[in-house]
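# Structural overview
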Amino acid sequence: MADRAYRKYSALAMVQKLTVKAVLEMGLIEDGDRILIAVSGGKDSTILAVTLSRIRAALKKQYDLKAVHISTDFCSCCKKSVLSERLEKEGVPFDDVFVPVIGRLKEGRKMNCYWCSTQRRLELIRYAQENGFNVIALGHHLDDVIETFFMNMIFKGELCAMPALLRYRKYPLKLIRPLVYVEESRIVEAAAEYGFLKAACSCPYGRFSRRRVIRKKIDLFLDGSSPAKRRVLASLTGRNFDLLKE
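Residues numbered from 1 in each chain as written. Predicted model: local features only at pLDDT ≥ 70, side-chain atom pairs only at ≥ 80, totals over all residues. Heavy atoms only, no water.

What follows is about unusual backbone geometry. Of note, Lys60 is a non-glycine position whose phi angle comes to about 60 degrees, a positive value. Among the secondary structure elements, Lys60 is positioned in the loop between helix 4 (56-59) and strand 2 (64-72). (Helix = DSSP H or I, 4+ residues; strand = E, 2+ residues; numbered from the N terminus.)

Following this line, the structure appears as structure tokens:
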């Protein structure tokens, strides 16, 4: 019934509606926040930037936005000019920062997804602090959260999820994931509706990742059911714990 009710909204409007819901329910954004959005050029982070720019009135909050793209030494085909032009039209300033991810590897070490994400996250934190931002926003969505939960449980033996709100202890920063209520399929629809063509290059190291394997298993397990996904997300919160906040 709920999914049928959603159909009266356009895909972009539905993403915005769910983002407003997440921001208000989880207290992700406050008046005066200066938010740095990490954009890859892919659909998720681009739609996030567009959405955060457009929902200010609905949130009744004043906040600044800026998008930053982290370039690496193994990925040079991202259409940054296209991404920059699109975000500038939405009132979101754009910047690009280069990180020598492979160049930082110590001798004898092999490139992997964890190393890459760690180095890019460090640069985001550094950029945010040097430029006066107190919030970092990432484009992870509902499916990402569910996949991460099962990955942590299966491969690490831990019951932990990808938090929608994380307050760093070492830095005067908080990290938010405003698309936590949004399924990837809705973002795909929103990107198509928005006329957005992918501007990011594919990562050569992620083709055979564990995440891809888990994603296929979850698809089989949940059979693509939206209500089932929302129930899994709801199970990550409770009276005595909340795996979506740290």
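Tallied over the entire structure, the rule returns three aromatic pairs. On the numbers, 6.5 Å between centres and 75 degrees between planes, the contact of Phe150 with Phe221 is edge-to-face. Placement of Phe150 in helix 7 (residues 142-156) and of Phe221 in helix 9 (residues 210-222) is noted, with a sequence separation of 71 residues between them. Since its relative accessible area comes to 62%, Phe221 is described here as exposed. Aromatic pair Tyr168 and Tyr171: ring centres 5.8 Å apart, planes at 75 degrees, arrangement edge-to-face. Exposure remark for Tyr171: the relative accessible area of 25% places this residue in the partly exposed category. (Phe/Tyr/Trp six-rings, centres within 6.5 Å; stacked < 30°, edge-to-face > 60°. Buried < 20%, exposed > 50% of the residue type's maximum accessible area, 1.4 Å probe, protein only.)

Right, let's get into helix 3 (residues 43-54). For helix 3, spanning twelve residues, the distance from its first C-alpha to its last is 16 Å, which sits close to the expected 16 Å at 1.5 Å a residue. For helix 3, a buried count of ten out of twelve residues is recorded, marking the element as mostly surrounded by other parts of the structure. Within helix 3, burial applies to Asp44, Ser45, Thr46, Ile47, Leu48, Ala49, Val50, Thr51, Leu52 and Ser53. (Expected span 1.5 Å × (residues − 1).)

Now for the nonpolar core. By size, the foremost hydrophobic cluster in this structure holds 59 residues, and its most contacted members are Ile29, Ile37 and Val180. With nine residues, the top contributor of residues to this core is helix 2 (residues 11-26). Not counting residues within four places of it along the chain, the set of residues in contact with Ile37 comprises Ser45, Leu48, Ala49, Leu52, Leu65, Lys66, Ala67, Val68 and Ala137. (Core = buried A, V, L, I, M, F, W, Y, C linked by side-chain atoms within 4.5 Å. Contact = heavy atoms within 4.5 Å.)

Now for the side chain of Glu90. With respect to the helices and strands, the residue Glu90 is situated in the loop between helix 5 (80-89) and strand 3 (94-99). Since its relative accessible area comes to 15%, Glu90 is described here as buried. A distance of 2.7 Å separates the side chain of Glu90 from the side chain of Tyr194, its partner in a polar contact. Setting aside anything within four residues of it in sequence, one finds Glu90 in contact with Val50, Ser53, Arg54 and Tyr194. (Polar contact = N/O pair within 3.5 Å; in protein donor to acceptor, adjacent residues only side chain to side chain.)

It is worth spelling out the pairing of strand 1 (residues 34-38) at this point. Where burial is concerned, most of strand 1 is hidden: four out of the five residues are buried. As defined by bridge partners, strand 1 adjoins strand 2 across five bridges and the pair is classed as parallel. Considered in strand 2, the bridge of Leu36 is made with Lys66. Sheet analysis places strand 1 next to strand 4 (residues 135-137), joined by three bridges and oriented parallel. Counterpart to Ile35 in the pairing with strand 4 is Val135. (Pairing = 2+ DSSP bridges.)

By the element assignment, Lys17 lies in helix 2. Accessibility expressed as a relative area gives 39% for Lys17, which makes it partly exposed. Sequence spacing of Lys17 and Val182 is 165 residues, and the spatial spacing of their C-alpha atoms is 9.5 Å.

As a further point, take a nonpolar patch on the surface. Taken together, Met153, Ile154, Phe155 and Leu159 make up a surface patch of nonpolar side chains, about 380 Å² in accessible area. The topology assignment puts Leu159 in the loop between helix 7 and strand 5 (165-167). (Patch = residues over 30% accessible without salt bridge, like charges linked within 9 Å, V, L, I, M, F, W, Y side chains within 5 Å. Areas by Shrake-Rupley, 256 points an atom, 1.4 Å probe, with all protein chains shown as cover. Salt bridge = Lys/Arg side-chain N within 4 Å of Asp/Glu carboxyl O.)

Spatial ordering of the open sheet is given by 3-2-1-4-6-5, a layout of six strands whose pairing is mixed. Every interior strand has two partners, whereas the edge strands, strand 3 and strand 5, have only one. Sheet twist, expressed as the average angle between the axes of neighbouring strands with direction ignored, equals 25 degrees. Bridge count for strand 4 against strand 6 (residues 174-176) is three bridges, and the pairing is parallel. Residue pairing across strands places Ile136 opposite Leu175, the latter belonging to strand 6. Helix 6 (residues 113-130) contacts strand 1, strand 2, strand 3, strand 4 and strand 6 of the sheet and is inclined by roughly 140 degrees relative to strand 2. (Axes fitted to C-alpha atoms, helices over the stretch in contact; angles between N-to-C directions.)

Moving on, we get to the pattern of salt bridges. For the structure shown, the criterion picks out 14 salt bridges. For the salt bridge of Arg215 with Glu147, the shortest nitrogen-to-oxygen distance reads 3.0 Å. Of this pair, Arg215 sits in helix 9 while Glu147 sits in helix 7; the two residues are 68 residues apart in sequence, bridging distant segments of the chain. As a salt-bridge pair, Glu158 and Lys156 come within 3.9 Å of each other at their nearest N and O atoms.

The analysis is restricted to geometry; functional conclusions fall outside its scope.
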